[in-house]
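Summary of the model geometry
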Amino acid sequence: MTKELNRRLFLSSGATASVAALAFRMGFGLSESGPAQERQSARGKAWTLALEEYAKRGCNYCDRMVDKNGLPYFDVFWTDPAEAAHDWPDFGDVMSRQFQAVVMARHMTGEVATIEPVWRQKILSLIDAETGLLTRPETSYSRKVADDGDQALTLYALVTAYVDSPDRDLRNVIVKMTDGLLARAPNAAATGFILKSLMTCVRVLGYEPALKLAALDTQTVFNEREVFTPDNTFRQGGHMHGNLRTLVGAGDYALYVGDPVLFGRVDAIYRYVRSEATRFGFLPEVIGRKGDIVATETCALMDYLGLAVTLANHGHPEYWGDVERVVRNQLIESQARNLAWLKSDPDQSDTDQFTWRDIAGRMEGGWAGWSSPTHLLAARETLGHHWGGPELHNKARAFQNCCGGSGIHALYIAWKNAARFENGALSVNLHIDKQLPQAEIRGFQPFEGLLTIQLKQACRVRVRVPDFASPGNITVGVNGDSRQVRTFGNYLELGRCVPGEAIKIGYPLPLVTEKVEIGNPGFRHYHYRVTWKGDTVVSMEPIGNEYPTGYSEFDNKQVAVFYGNEGPARLYQRDQFLEKCDPKLSPLHIDDTSLDFWAGLDKSRVRIS
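Overview of the structure. (Residues numbered from 1 in each chain as written. Predicted model: local features only at pLDDT ≥ 70, side-chain atom pairs only at ≥ 80, totals over all residues. Heavy atoms only, no water.)

So, about the packing of aromatic side chains. One pass over the structure, following the stated rule, counts 19 aromatic pairs. On the basis of an interplanar angle of 75° and a centroid distance of 4.9 Å, the ring pair of Trp78 and Trp341 is categorised as edge-to-face. Taken as a pair, Trp78 in the loop between strand 1 (75–77) and strand 2 (83–85) and Trp341 in the loop between helix 13 (320–333) and strand 3 (354–355) lie far apart in primary sequence, 263 residues in all. Comparing Trp78 with Trp341, the two get one shared label, buried. Measuring from centroid to centroid gives 6.1 Å for Phe91 and Tyr141, while their planes differ by 5°, and the two rings are stacked. Highlighted residues: Phe91 in the loop between strand 2 and helix 4 (94–109) and Tyr141 in the loop between helix 5 (116–125) and helix 6 (148–164), separated in sequence by 50 residues. Grouped by ring-pair contacts, the aromatic residues Tyr156, Tyr412, Trp415, Phe597 and Trp598 constitute a single cluster. Looking at Arg245, its charged tip hangs above the ring of Phe193, at a distance of 5.5 Å from the centre. Residue placement shows Lys434 over the ring face of Trp415; its charged tip is 4.8 Å from the ring centre. (Phe/Tyr/Trp six-rings, centres within 6.5 Å; stacked < 30°, edge-to-face > 60°. Helix = DSSP H or I, 4+ residues; strand = E, 2+ residues; numbered from the N terminus. Buried < 20%, exposed > 50% of the residue type's maximum accessible area, 1.4 Å probe, protein only. Lys NZ or Arg CZ within 6 Å of the ring centre and 35° of its normal.)

What follows is the structure, given as structure tokens:
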């Protein structure tokens, strides 16, 4: 895609087609087929893992799960028929996350989501000219308010748009929003949720007031409100997404200002979070719920990956294994598919708040809000009266669509950092497919323990050793000839290589089984037999988890739960991964190295504008 086309998409004040025409296409478009690794070719062959395929699938959801004016729906209810509903997060939360996501998806795939310019225009139209803050409109389901969480998500989305295509007007909007946030800071409750957004603004625009606000927020969160305990855990009832987003921003801040003590605390708290997760990435949405329900939120997976990548890039390369396992397993399993259990009503007309039309098809490519290890939805909860008015109460929730943008964002974090070229060196951090201007990298897990690199530019090459492998049982070949290489830490150091060299790195792919337990302290626990092939879960077998109901403290009653074999959208159906085969190469999109939020985190005053 040309730079000028990017500029037209982001910076023109109007969409290139009427909103009505866009809505028609979004409402009646065809859903995409599954990612290439899940599909079988005519000859029954499998495919290598390319994250681009999952991002493309996510754009089906982004384009279609909107109303006729392009406003996304936060709520999707498991009613009969299934329905999607507008709610107060739609304006600053869901739309900002998803706008940022489609920008990222475009960089991953080269394909433009139809909804992208519509969302940009709508977000800018909601920003108050006097305060600079995004303000929700007064509707039947939202109050006119400038919410702090909305500002955090919108600021990050706008900075992302600015990095994609710098523009003075957009810069002014970002600066005005930052000034508005700083003006209300003495009276606003610092939560840390905005730290990542502020630090991105600091590094991209070099805007000092954003750094001042970040310093105030960090001081409040870590030294006054003490969101985290002195022994580096969460306070009881800590929300995983909120706390992890705080830590991602705190890590950026510590690197920027050179605070090793704070960075050490961030690392220590990450290790605590790690201890609460499974190796395949099941991460409780809330630490220590007072009931039988435990579920993973895709928003939390996004920030878990974001934090792991920041730490791995800055002194903790041992965390790349965490990233690889989470991406290959709970993250991509959490993308919505097999949604026939959501029954639609094609004959019921949309209202200003509700839609019943093709809910399953429009949600294809979305992301789970509350997954279990075996199902896209862990429990059939209403979650009480936390969101919206009475018209939304007492309905079982299938999805919360803040996770829709977060799933694509999580893919982008992994895709951008899977392999990096910096200072004349190619570092392969994840054993998944990636194409850079300097090299094409192919990972053949879980079908074979093999990584190949086709080099296009002279450079030093280093490749991470998978956690399950040891340097002694790894073979390295260059142009068909065996090569001895040295190991430094958990990387193979191949030294300087030249263009045209074909590098092959082989290793055994062990089949290992472990038992895993999840659950809240003092309440029911669930057990699984998990079979791994290298970094990939190939079997998830529940052990005695066939409970029909569990206690929900949100609903204050027993609700249907799905931790066994029965339930909606079974996960980890991966028998095809057990066989060794010669997979087909998935199509890739080249990473042109732009839109990089991880380069130079530890270098003060990094300016793009």
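Looking at the element boundaries, Arg362 is found in helix 14 (residues 359–363). A distance of 2.9 Å separates the side chain of Arg362 from the side chain of Thr355, its partner in a polar contact. (Polar contact = N/O pair within 3.5 Å; in protein donor to acceptor, adjacent residues only side chain to side chain.)

Glancing now at the packing of helix 9 (residues 208–224) against helix 10 (residues 240–257). The contact between helix 9 and helix 10 brings their axes to 11 Å, and the two run at 120°. With respect to helix 10, the axis of helix 9 lies oblique. Our pair here, helix 9 against helix 10, has a crossing hand that is left-handed. Contact with helix 9, carried on its side by Leu211, Ala214, Ala215, Thr218, Val221 and Phe222, involves Thr246, Leu247, Ala250, Tyr253, Tyr256 and Val257 of helix 10 and no other residues of that element. Of the residues belonging to the contact of helix 9 with helix 10, the class tally is 10 nonpolar, two polar and no charged. (Axes fitted to C-alpha atoms, helices over the stretch in contact; angles between N-to-C directions. Parallel < 35°, antiparallel > 145°, perpendicular 65-115°, else oblique. Left-handed = near helix turned anticlockwise from the far one by under 90°. Contact = heavy atoms within 4.5 Å. Nonpolar A, V, L, I, M, F, W, Y, C, P; charged D, E, K, R; others polar.)

Now for the state of the cysteines. By definition, a disulfide is the covalent link that joins the sulfur atoms of two cysteine residues. Evaluated as defined, the whole model comprises zero disulfides. Counting only cysteine sulfurs, Cys62 is the nearest neighbor of Cys59, a cysteine outside any disulfide, at a range of 5.7 Å. (Disulfide = S-S within 2.5 Å.)

For the rest of this paragraph, the subject is helix 13. Relative to the 20 Å expected for 14 residues at 1.5 Å per residue, helix 13 spans 19 Å between its end C-alpha atoms, a close match to the ideal helical length. Of all the bends found along helix 13, the most pronounced is centred on Val327 and spans about 45°. The element helix 13 is extensively covered by neighbouring structure, given that 14 of its 14 residues are classed as buried. (Expected span 1.5 Å × (residues − 1). Bend = angle between axes of the 7 residues up to and from the residue.)

Our next topic: the packing of helix 8 (residues 195–205) against helix 10. Running from N to C, helix 8 and helix 10 cross one another at 35°; their axes reach a closest spacing of 7 Å. The residues of helix 10 that touch helix 8, namely those facing Leu195, Lys196, Met199, Val202 and Arg203, are Arg245, Thr246, Val248, Gly249, Ala250, Asp252, Tyr253 and Tyr256. Classifying every residue of the contact of helix 8 with helix 10 by side-chain character gives seven nonpolar, two polar and four charged.

Before going further, it helps to spend a moment on the pattern of salt bridges. Taken as a whole, this structure holds 37 salt bridges when the rule is applied. Two residues, Asp252 and Lys196, come together in a salt bridge whose shortest N-O distance is 2.7 Å. Of this pair, Asp252 sits in helix 10 while Lys196 sits in helix 8, placing them 56 residues apart in sequence. Here Asp252 and Lys196 have matching classes, each one buried. The shortest N-O distance in the salt bridge between Arg337 and Glu333 comes to 3.1 Å. Of the two residues examined, Arg337 and Glu333, each falls in the buried class. Salt bridges sharing common partners tie together Arg274, Asp322, Glu324, Arg325, Arg328, Arg464 and Asp467. (Salt bridge = Lys/Arg side-chain N within 4 Å of Asp/Glu carboxyl O.)

This part takes up the sheet that holds strand 14 (residues 491–497). Reading across from one edge, 5-6-10-14-13 is the order of the five strands in this open sheet, with mixed pairing throughout. The open sheet has two free edges, formed respectively by strand 5 (419–422) and strand 13 (486–488), since each of these has just one partner strand. Neighbour-to-neighbour, the strand axes of this sheet turn through a mean angle of 25°, independent of strand direction. (Pairing = 2+ DSSP bridges.)

Bridging between strand 6 (residues 425–428) and strand 10 (residues 459–464) involves four bridges; their strand directions are parallel. Note on strand 10: the bridge partner recorded for Val428 is Val463. Looking at chain direction, strand 10 and strand 14 are connected through six bridges and run antiparallel. Within the sheet, the bridge partner assigned to Arg464 lies in strand 14 and is Tyr491.

Once that is clear, we can look at the pairing of strand 18 (residues 536–542). Burial of strand 18 is extensive: five of the seven residues sit out of reach of the surface. Across six bridges, the pairing between strand 17 (residues 525–533) and strand 18 is antiparallel. Its bridge partner lying in strand 18, Val530 is registered against Met540. The hairpin turn running from strand 17 into strand 18, its antiparallel successor, is two residues long, and Gly534 in that turn takes a positive phi close to 65°.

For the rest of this paragraph, the subject is unusual backbone geometry. Outside of glycine, negative phi angles account for most residues, and trans bonds account for most peptide bonds. Here the residue pair Asp80 and Pro81 is connected by a cis peptide bond, since its omega of 5° sits within 30 degrees of zero. Here Gln445 and Pro446 are connected by a cis peptide whose omega angle stands at 0°. Summarising the element assignment, Pro446 is placed in the loop between strand 8 (439–443) and strand 9 (450–455). One non-glycine residue, Asn338, lies in the positive phi region at around 55°. Within the secondary structure, Asn338 is located in the loop between helix 13 and strand 3. Of note, the phi angle at Asn394 is positive, near 60°, even though the residue is not glycine. The topology assignment puts Asn394 in the loop between helix 14 and strand 4 (397–400). Overall, the relative accessible area of 64% leaves Asn394 in the exposed class.

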